[in-house]
Amino acid sequence: MIENRQYKRYAAGDNASLGIDGSWHPCSVQNLSGNGLFLETFCRPPIGTVVELDLSSLGRYTGTVVRHAWDGVGVQFRDGHPHTPHLPDHRQGALFTNI
């Protein structure tokens, strides 16, 4: 299956927190792109829920839950992700690896 994505995805293993209505839940960033990320988490806010994201190496962002999977949730950034053009790839020994 060929994926037609607008943004490159980067594999990550960074710790993060998912904020929902003032409660914070631990999670891990599985992958990241210019449009959003996938979080490994036991927390399953409903699709369409606006959440806060505290990404330990990149800062705080707001996003919207757009999908569920058995191991976590997909979140789309609101107003984009300002750090995306500067994300290094695996050839530079980065935290994130191009996938």
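Residues numbered from 1 in each chain as written. Predicted model: local features only at pLDDT ≥ 70, side-chain atom pairs only at ≥ 80, totals over all residues. Heavy atoms only, no water.

Caption draft 1: Looking closely at the packing of aromatic side chains. Taken as a whole, this structure holds one aromatic pair when the rule is applied. Considering the side-chain rings of Tyr-61 and Phe-77, the 5.8 Å spacing of their centres and the 65 degrees angle between planes classify their relative orientation as edge-to-face. Placement of the pair is Tyr-61 in strand β6 (residues 59–69) and Phe-77 in strand β7 (residues 72–77), with a sequence separation of 16 residues. Here Tyr-61 matches Phe-77 in class, with each residue buried. (Phe/Tyr/Trp six-rings, centres within 6.5 Å; stacked < 30°, edge-to-face > 60°. Helix = DSSP H or I, 4+ residues; strand = E, 2+ residues; numbered from the N terminus. Buried < 20%, exposed > 50% of the residue type's maximum accessible area, 1.4 Å probe, protein only.)

Caption draft 2: Structural detail: the pattern of salt bridges. Applying the stated rule across the entire model yields one salt bridge. Two residues, Arg-60 and Asp-54, come together in a salt bridge whose shortest N-O distance is 3.8 Å. With a relative accessible area of 55%, Arg-60 lands in the exposed category. (Salt bridge = Lys/Arg side-chain N within 4 Å of Asp/Glu carboxyl O.)

Caption draft 3: Looking closely at the confidence of the model for the protein chain. Mean pLDDT over the protein chain stands at 80; residues scoring 70 or higher make up 74%. Scored below 50 in pLDDT, residues 84–99 makes 35 contacts in the model with residues more than four places away or belonging to other chains. (pLDDT = per-residue confidence, 0-100. Contact = heavy atoms within 4.5 Å.)

Caption draft 4: Spotlight on the environment of Tyr-7. Within the secondary structure layout, Tyr-7 lies in the segment before β1 (10–11). On the accessibility criterion, Tyr-7 (34% relative accessible area) is partly exposed. Put simply, Tyr-7 and Gly-36 are 29 residues apart on the chain and 9.3 Å apart in space, counted from C-alpha to C-alpha. Among residues more than four places away in sequence, those in contact with Tyr-7 are Ser-33, Gly-34 and Asn-35.

Caption draft 5: Quick look at the side chain of Thr-49. For Thr-49, the position within the fold is in the loop between β4 (36–40) and β5 (50–55). Of the polar contacts made by the side chain of Thr-49, one reaches the backbone oxygen of Pro-46; its length is 2.7 Å. Discounting chain neighbours no more than four positions away, the residues touching Thr-49 are Ile-20, Gly-63, Thr-64 and Val-65. (Polar contact = N/O pair within 3.5 Å; in protein donor to acceptor, adjacent residues only side chain to side chain.)

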